[in-house]
Amino acid sequence: MSPNTALLPEQFADLEPYAAVWCLPTEGERYDRRLASTMDELQAFYDAFFPRIEEALTYCDQFPLDDMPDVAVNLMHLMYSLVIVSMPVEAWRQPHVPDAGAARLDRIVEPAP
Amino acid sequence: MAKWPKPPEGSWTEHYPYLGTGPVSFQDSISPEFYEDEREAVFKRAWLNVGRVEQLPRNGSYFTKEIAVANASIVIVRDMEGEVRAFHNICRHRGNKLVWTDFPREETSGSCRQFVCKYHGWKYDLDGALTFVQQEGEFFEFDKDDYGLVPVHCDVWAGFVFVNLDREPRQSLREFLGPMITGIEGYPFEKMTERFVVRAEVGSNWKLFMDAFQEFYHAPILHARQTPAAFSIPAAQNGFYAPHYQIDGPHGVVSTAGIRPWNLPKDMLKPMEEATRSGLFGPWDAPDVGPLPDGVNPANCDPWGLDSFQIWPNFVILIWGQNWYLTYHYWPTAHNRHTFESTLYFVPATNARERVAQEMAAVSMKEYALQDGNTLEATQSMLESGYVDSFPLNDQEVLCRNLHKVAVDWVEDYRREQGRVRA
């Protein structure tokens with residue numbers, strides 16, 4: 001991938017395929033993507049990114065929250081996606097919350113980034 | 001978990017003898033007739049929380065609140081002198097909704113110097129005075145002073161904005177809240193300005209969802225799969241005992257002991273909790289917010305989990321031991337439907353790590369709430385089936401017992417005033 005289309009900082013270049021799917025700015029988009037994914041897809045993303053989360057936190061901590069370069073903001077969004085994907089991977093063993101049926105809980109206000 | 005001492009009467013429930021200990025019917029949660037009276041008896045009489053002062057950051061800031069159960073739309077505004085006021089959101093000319101954006105039924109917010117009706121351009125100052133009427137000379141015996149916006153009783157406590165739709169409130173806001181609730185005054189709510197708001201339409205009576213979050217008897221069972229087996233199995237075996245309940249008038253509080261997740265063995269934690277140092281109880285690294293008022297953590301738990309202040313009728317302030325808080329609002333839309341809103345409030349994150357920890361707490365909370373909300377639809381439909389109409393409540397459900405009793409009491413008072421015998 002050429003540098004000018006990269007979503008993530010260079011040191012995370014191997015995660016670009018996941019960034020294309022999971023760098024989503026709102027919780028609603030991330031949750032919908034989780035529900036639309038298979039457990040294999042969720043597991044693959046988790047397995048690729050979970051071991052790198054400390055590195056990602058350290059990278060983003062270099063910048064103030066209100067003045068982050070785009071690649072760092074994308075990395076933040078990728079970490080939020082890892083948070084939402086960790087629930088099915090670590091607890092539920094399925095994309096949906098068990099016994100939650102079609103229930104929805106929509107986030108209508110959230111901080112940025 | 002240790003079993004905590006109970007009051008001398010032997011139980012929390014018997015400490016409040018008027019509650020009784022018998023089974024309850026939940027008729028108040030399934031009857032359309034009861035709901036119709038509840039609208040008048042409760043939601044047009046009690047003080048209702050509609051938000052916080054931080055939603056009105058400057059003079060001229062406003063937001064609207066749709067209160068379907070009271071058939072009301074209200075605009076709350078900080079006027080040019082800085083005073084928080086509330087008005088019925090209706091133009092005095094021909095009744096158009098005054099403040100809305102694109103979709104008249106949706107809530108909106110913003111900032112302005114005056115309110116201008118979209119229909120014929122009537123203008124109102126932020127203190128409600130009618131200041132401009134298009135072609136005023138065309139009206140008959142007309143005095144603008146007679147047509148100001150209709151005020152709604154409005155008061156602020158600890159930064160929480162309340163309205164009261166009664167013609168003349170029976171109690172001041174402070175009297176209504178009472179000493180147990182006002183005892184948390186001084187909690188640093190104003191430092192916790194980072195907000196996450198979630199909203200859901202729930203197919204149950206509003207009181208049934210309040211019940212779900214005012215007892216934790218269900219927690220080790222309904223939510224067992226959210227924690228590793230090394231945590232959830234002993235939790236279910238031990239059951240749940242709260243160290244403290246208190247009822248003060250229509251309001252209640254339950255306080256719980258906490259855990260120190262950072263001291264737990266790894267097999268009791270989810271890997272993501274360790275990686276983000278956060279979870280349902282909030283970020284592990286709590287911000288320093290200074291001393292807390294005496295009304296918080298009433299059982300002096302260490303570690304302390306949370307206090308859930310159940311403020312009659314439909315408002316909850318839940319203060320976490322990890323120095324953040326959340327609110328719940330349950331806005332009825334029918335006898336078997338309501339809109340649920342939860343707002344999480346944190347001290348603003350200063351770096352990426354703190355922000356990700358907040359995200360972890362917010363996502364964990366949502367996973368729990370989705371299980372709670374869906375379970376309620378199952379409860380509502382079975383209560384409505386009518387085959388069973390008597391349900392035992394245990395001592396850990398004392399606040400549920402109180403809520404339903406208060407609802408029935410308020411409705412019966414109203415029916416008596418109306419000269420109607422009990423239905």
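For the structure, check the block above.
This one's a predicted model, so the numbers in the text were calculated from it and none came from an experiment.

What counts, and at which threshold
The residue numbers shown here count from 1 along each chain, following its written sequence. Chain A is the first chain written and ligand 1 is the first ligand written, with later ones labelled in order. Only residues with pLDDT of at least 70 get local features here, since the model is predicted, and only at 80 or more are side-chain atom pairs given and counted; chain-wide, interface and lining totals rely on the full set of residues. For the side-chain quantities, the full set of heavy atoms in the structure was used; hydrogens and water were omitted. We count a stretch as a helix when DSSP gives it H or I for four or more residues in a row; a strand needs E for two or more, and each element gets its number in order from the N terminus. Our radius of gyration is a C-alpha quantity, and the globule rule it is checked against amounts to 2.2 Å times the number of residues to the power 0.38. Exposure is judged per residue with a 1.4 Å probe applied to protein chains only, and the accessible area is read against the type maximum: over 50% gives exposed, under 20% gives buried, and values in between give partly exposed. In this description, contact between two residues means that some pair of their heavy atoms is separated by no more than 4.5 Å. To be clear on the numbers: accessible area is Shrake-Rupley with a 1.4 Å probe, and residue cover counts the displayed protein chains and nothing else. Only four residue types enter the charge count: Lys and Arg as positive, Asp and Glu as negative, with His and the chain ends excluded. One atom stands in for each charge, and that atom is NZ of Lys, CZ of Arg, CG of Asp or CD of Glu. The convention used is that axes are lines fitted to C-alpha atoms, helices contributing only their stretch in contact, and that angles between N-to-C directions extend from 0 to 180 degrees. What sets the label is the angle itself: under 35 degrees gives roughly parallel, over 145 gives roughly antiparallel, 65 to 115 gives roughly perpendicular, and the rest give oblique. Note on residue categories: nonpolar means Ala, Val, Leu, Ile, Met, Phe, Trp, Tyr, Cys or Pro, charged means Asp, Glu, Lys or Arg, and polar means any other residue, Gly included. Note on convention: the crossing is left-handed when the near helix lies turned anticlockwise from the far helix by less than a right angle, right-handed when the turn is clockwise. Nonpolar core, defined: a set of buried Ala, Val, Leu, Ile, Met, Phe, Trp, Tyr and Cys residues in which side-chain atoms within 4.5 Å join the residues together. Within 3.5 Å is the distance limit for a polar contact, defined as a pair of N or O atoms, with the added protein rule that one can donate a hydrogen and the other accept it, and that residues adjacent in sequence qualify only through two side-chain atoms. Throughout, buried area stands for the accessible area (probe radius 1.4 Å) lost by two parts on being put together, summed over both. Every case where a carboxyl oxygen of Asp or Glu lies within 4 Å of a side-chain nitrogen of Lys or Arg is listed as a salt bridge. Two strands form a pair only when DSSP identifies at least two bridges running between them. Throughout, disulfides are identified as pairs of cysteine sulfur atoms within 2.5 Å of each other. Any Phe, Tyr or Trp ring, taking Trp's six-membered ring, that has another such ring centre within 6.5 Å forms a pair; planes under 30 degrees apart are called stacked, those over 60 apart edge-to-face, and the others tilted. Lysine and arginine charges are scored as sitting over a ring when NZ or CZ, respectively, is within 6 Å of the ring centre and within 35 degrees of the ring normal.

1. Topic: the overall build of chain A
Piece 1. In terms of helices and strands, chain A carries 5 helices and 1 strand.
Piece 2. Against the globule reference of 13 Å for 113 residues, chain A gives a C-alpha radius of gyration of 14 Å, in line with a compact fold.
Piece 3. Once the C-alpha set of chain A is aligned to its principal axes, its extents read approximately 40 × 30 × 25 Å.
Piece 4. With 113 residues in all, chain A has 50% of them scored as buried.
Piece 5. Long-range pairs, those at least 24 residues apart, make up 71% of the contacts in chain A with a sequence separation of at least 6.
Piece 6. About 5200 Å² of surface is accessible on chain A, with carbon and sulfur atoms providing 54% of the total.
Piece 7. The averaged location of the 19 negative side-chain charges in chain A is 7 Å from the averaged location of its 7 positive side-chain charges.

2. Remarks on the packing of helix α4 (residues 53–60) of chain A against helix α7 (residues 352–385) of chain B
Piece 1. Close contact between α4 of chain A and α7 of chain B brings their axes to 8 Å; oriented N to C, the two are set at 125 degrees. In terms of orientation, α4 of chain A lies oblique with respect to α7 of chain B. Contacts between α4 of chain A and α7 of chain B involve Glu 54, Leu 57, Thr 58 and Cys 60 of chain A from the first element and Ala 352, Arg 353 and Val 356 of chain B from the second.
Piece 2. Residues of the contact of α4 of chain A with α7 of chain B, tallied by class, amount to 4 nonpolar, 1 polar and 2 charged.

3. Section: the packing of helix α3 (residues 39–49) of chain A against helix α5 (residues 70–92) of chain A
Residue and element names in this part refer to chain A.
Piece 1. Packing of α3 against α5 brings their axes to within 9 Å, and their N-to-C directions diverge by 125 degrees. Of the possible angle classes, the one that applies to α3 and α5 is oblique. In the packing of α3 onto α5, the handedness of the crossing is left-handed. Where α3 approaches α5, its residues Met 39, Leu 42, Gln 43, Phe 45, Tyr 46 and Phe 49 are matched on the opposing element by Leu 75, Leu 78, Met 79, Ser 81, Leu 82, Val 85, Ser 86, Pro 88, Val 89 and Glu 90.

4. Here we look at the nonpolar core
Piece 1. Among the nonpolar cores identified, the biggest contains 145 residues, and Ile 67, Ile 317 and Ile 319 of chain B are the most heavily contacted of them.
Piece 2. No other element matches α5 of chain A, which puts 15 residues into this core.
Piece 3. Once residues within four sequence positions are removed from consideration, Ile 317 of chain B is found in contact with Trp 157, Phe 160, Ile 184, Phe 189, Asp 307, Ser 308, Phe 309, Ile 311, Tyr 325, Leu 326 and Thr 327 of chain B.
Piece 4. Counting residues in each nonpolar core, the second largest holds 16 residues, with Val 75, Cys 112, Tyr 124 and Leu 126 of chain B among its members.

5. Some remarks on the side chain of Arg 107 of chain A
Piece 1. Topologically, Arg 107 of chain A is positioned in strand β1 (residues 106–109).
Piece 2. Among the polar contacts made by the side chain of Arg 107 of chain A, one reaches the side chain of Glu 110 of chain A at a distance of 2.6 Å.
Piece 3. Within the local environment of Arg 107 of chain A, its side chain forms a polar contact with the side chain of Glu 359 of chain B, the two groups lying 3.2 Å apart.
Piece 4. Residue contacts for Arg 107 of chain A: discarding those within four places in its chain leaves Glu 27 and Arg 30 of chain A together with Phe 196, Val 197, Val 198, Glu 359, Ala 362 and Val 363 of chain B.

6. Regarding the interface of chain A and chain B
Piece 1. Taken together, the contacts link 40 residues of chain A with 33 residues of chain B.
Piece 2. Summing both partners gives a buried area of about 3600 Å² for chain A against chain B, and 63% of it is carried by carbon and sulfur.
Piece 3. At the junction of chain A and chain B, the tally comes to 6 salt bridges.
Piece 4. For Glu 359 of chain B, the salt bridge is made with Arg 107 of chain A, and the minimal N-O distance between the two is 3.2 Å.
Piece 5. For the pair chain A and chain B, the number of links is 18 residue pairs in polar contact (both at pLDDT 80 or more).
Piece 6. Of all the elements in the fold, those that place two or more residues in the side of chain A that touches chain B are α2 (27–35), α4, α5 and β1 of chain A.
Piece 7. Per-element tally for the side of chain A that touches chain B: the top contributor is α5 of chain A, with 11 residues.
Piece 8. Partitioned by chemical class, the residues of the side of chain A that touches chain B number 26 nonpolar, 3 polar and 11 charged.
Piece 9. Summarising the sheet, β1 of chain A and strand β11 (residues 194–202) of chain B pair through 3 bridges and their orientation is antiparallel. Bridge pairing links Arg 107 of chain A to Val 198 of chain B in β11 of chain B.

7. Digging into the sheet that holds strand β3 (residues 72–78) of chain B
Either a parallel or an antiparallel arrangement is found when strands of a sheet pair, and the pairing is made through backbone hydrogen bonds.
Residue and element names in this part refer to chain B.
Piece 1. Here 7 strands make up an open sheet; going across it, the order is β1-β10-β9-β4-β3-β2-β5 and the pairing antiparallel. Looking along the sheet, the strands with just one partner apiece sit at the ends: β1 (47–52) and β5 (109–111). Each neighbouring strand pair of the sheet contributes to a mean axis angle of 30 degrees, computed without reference to strand direction.
Piece 2. In this sheet, strand β10 (residues 160–164) lies alongside strand β9 (residues 151–157) in antiparallel orientation, the contact comprising 5 bridges. Residue pairing across strands places Trp 157 opposite Phe 160, the latter belonging to β10.
Piece 3. Against the sheet, helix α2 (residues 173–182) touches β1, β9 and β10, its axis set at about 20 degrees to β9.

8. Some words on the pattern of salt bridges
All names here are of chain B.
Piece 1. On inspection of all chains with the given rule, the structure shows 36 salt bridges over all chains.
Piece 2. Between Glu 36 and Arg 39 there is a salt bridge, with the nearest N and O atoms lying 3.6 Å from each other. Taken as a pair, Glu 36 and Arg 39 lie in helix α1 (residues 32–43) at a separation of 3 residues, close to a single helical turn.
Piece 3. A salt bridge links Glu 185 to Arg 174; the shortest N-O distance between them is 2.7 Å.

9. Re the state of the cysteines
Piece 1. Inspection of every chain in the model, using the stated rule, returns 0 disulfides over all chains.
Piece 2. Residue Cys 301 of chain B stays outside any disulfide, its sulfur separated by 19 Å from that of Cys 400 of chain B, the closest cysteine.

10. A closer look at the packing of aromatic side chains
Piece 1. Applying the stated criterion to the full structure yields 40 aromatic pairs over all chains.
Piece 2. Ring centres 4.6 Å apart and planes at 20 degrees place the aromatic pair Phe 213 of chain B and Tyr 328 of chain B in the stacked group. You can see Phe 213 of chain B sitting in helix α3 (residues 206–214) and its partner Tyr 328 of chain B sitting in strand β16 (residues 324–334), a full 115 residues away along the chain. Like Tyr 328 of chain B, Phe 213 of chain B is buried.
Piece 3. In this arrangement the basic side chain of Lys 366 of chain B is found over the ring face of Tyr 31 of chain A, its NZ or CZ atom lying 3.7 Å from the centre.

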